[in-house]
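# Residue-level structure breakdown
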Amino acid sequence: MKHNPLYFVMTVDVDPPPPSAPDLKIDEGILSLLQMFKENEIKSTFFVTAVMAEKFPDLMRKVKRDGHEIACHDLDHSPMVDKLNLTRLVSRLRIATQLIEDYVGVRPYGYRAPLFKINRNQLVALYKNGYIYDSSIIFSPFFRSLRVFSFSKPFFVSINKNGWLIEIPVSTNPIMPFPIGGAYFRVFGEKWAKAGMKVNFLFKNPLIFYIHPKDIIVQTSGPSWYSYKNTSKCLDSLKEIINYAKKTGAIFIKAIDLAYLFAKIKI
Ligand SMILES: [Zn+2]
């Protein structure tokens, strides 16, 4: 293996349709992504809400069959989940994990919090439910984190004397410090994303990119301009990003494999 290789982790957040567009065909968005990933021969990590696993069990099983990782993205994407106490967080996560396992046939070991809102109690709840990694932290002042950008690499979160969890932060672009993905990617565009990738790769940070099925479903109206802007060209832009990552020599890897690789190196 190449010395100190660059890694690219493509992640897909399978949220329920937004309240403003309850009829949005999330399943069609997922199918388009699967097709594109197949054509580009990449494996990714799908953070799935339990309610969407329940709604589309066959499709989620296809995601798994295609070789992608199934991870957890909460029960129903409640924006208030970080306000729950530890006991409730533990049981909520137990239910979400079980539902995903029942509907998809695989238990998730990775987690991403709705709206990237993560706190200490959630991390403890993940540990208590046997999770290996979390991928919710964003190193950006806009996301209440002042950690130095160049440390945007996986790290251990100590839970108790012997217990730990691995955190895989979502990559940030230092030029306008927002996470590289989702609506930021649609609004700021390919050049902005590529510049962010370049700086991260310079620091040998793995690039953790995220997208939603809804980002690639063509929409011409919505509650705000950024909820639909550039949805018509997002899939093509995403292909460009994948090509760019390939050109830089980055290795595409699932988040769980990056976690294992990191743990193996560090332990
Ligand atoms: Zn989400």
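Reference entry: report on the structure contained in this document.

Conventions adopted
- Residues numbered from 1 in each chain as written.
- Predicted model: local features only at pLDDT ≥ 70, side-chain atom pairs only at ≥ 80, totals over all residues.
- Buried ≥ 20, exposed ≤ 12 C-beta atoms within 10 Å, placed from the backbone.
- Helix = DSSP H or I, 4+ residues; strand = E, 2+ residues; numbered from the N terminus.
- Pairing = 2+ DSSP bridges.
- Axes fitted to C-alpha atoms, helices over the stretch in contact; angles between N-to-C directions.
- Parallel < 35°, antiparallel > 145°, perpendicular 65-115°, else oblique.
- Contact = placed C-beta atoms within 7 Å.
- Nonpolar A, V, L, I, M, F, W, Y, C, P; charged D, E, K, R; others polar.
- Core = buried A, V, L, I, M, F, W, Y, C linked by C-beta atoms within 7 Å.
- Right-handed = clockwise from strand over helix to strand, strands pointing away.

This part takes up the pairing of strand β1 (residues 7-14). β1 sits mainly inside the fold: eight of its eight residues count as buried. Burial of the side chains of β1 extends over both faces: Y7, V9, T11 and D13 are buried on one face and F8, M10, V12 and V14 on the other. In the sheet, β1 pairs with strand β11 (residues 251-252) via two bridges, with the strands oriented parallel. Counterpart to Y7 in the pairing with β11 is I251. Judged from the five bridges that link them, β1 and strand β10 (residues 207-211) form a sheet pairing that is parallel.

We now examine the packing of helix α6 (residues 182-202) against helix α9 (residues 234-247). Close contact between α6 and α9 brings their axes to 10 Å; oriented N to C, the two are set at 5°. Between α6 and α9, the interaxial angle falls into the category roughly parallel. On α9, the residues that touch R186, E190, A193, K194 and M197 of α6 are C234, S237, E240, I241, Y244 and A245. Taken together, the residues of the contact of α6 with α9 break down into six nonpolar, one polar and four charged.

Phi is positive for F116, close to 60°, though the residue is something other than glycine. Mapping F116 onto the fold places it in the loop between β4 (110-111) and α5 (120-128). The class for F116 is buried, based on 21 C-beta atoms found within 10 Å. Here N230, not a glycine, exhibits a phi torsion of approximately 60°, which is positive. If you trace the backbone, N230 turns up in the loop between α8 (225-228) and α9. A tally of 18 C-beta atoms within 10 Å means that N230 is categorised as partly exposed.

On to the environment of G105, then. By secondary structure assignment, the location of G105 is in the loop between α4 (86-104) and β4. Taking the number of C-beta atoms within 10 Å as the measure of exposure, G105 has 13 and is therefore partly exposed. Setting aside chain neighbours within four positions, we find G105 in contact with R61 and K64.

On to the nonpolar core, then. Of all hydrophobic cores here, the largest spans 67 residues; its most connected members are V9, V48, I100 and F209. Sequence-distant contacts of V9, that is, excluding residues within four places in its chain, are made with T45, P206, L207, I208, F209, I253, K254, A255 and L258.

This paragraph deals with the environment of F46. Secondary-structure assignment places F46 in strand β2 (residues 45-48). With 62 residues separating them in the primary sequence, F46 and P108 have C-alpha atoms 10.0 Å apart. Among all residues touching F46, those that are not within four sequence positions of it are V12, V14, V63, H68, E69, I70 and A71.

A separate point is the pairing of β2. Alternating residues of β2 divide into T45 and F47 and F46 and V48, and every residue in both groups is buried. One ladder, built from four bridges, connects β1 with β2; its direction is parallel. Counted as the bridge partner of V14 is V48 from β2. The handedness of the β1 to β2 crossover, carried by helix α1 (residues 26-39), is right-handed.

Everything listed here is a matter of geometry and, on its own, says nothing about what the molecule does.
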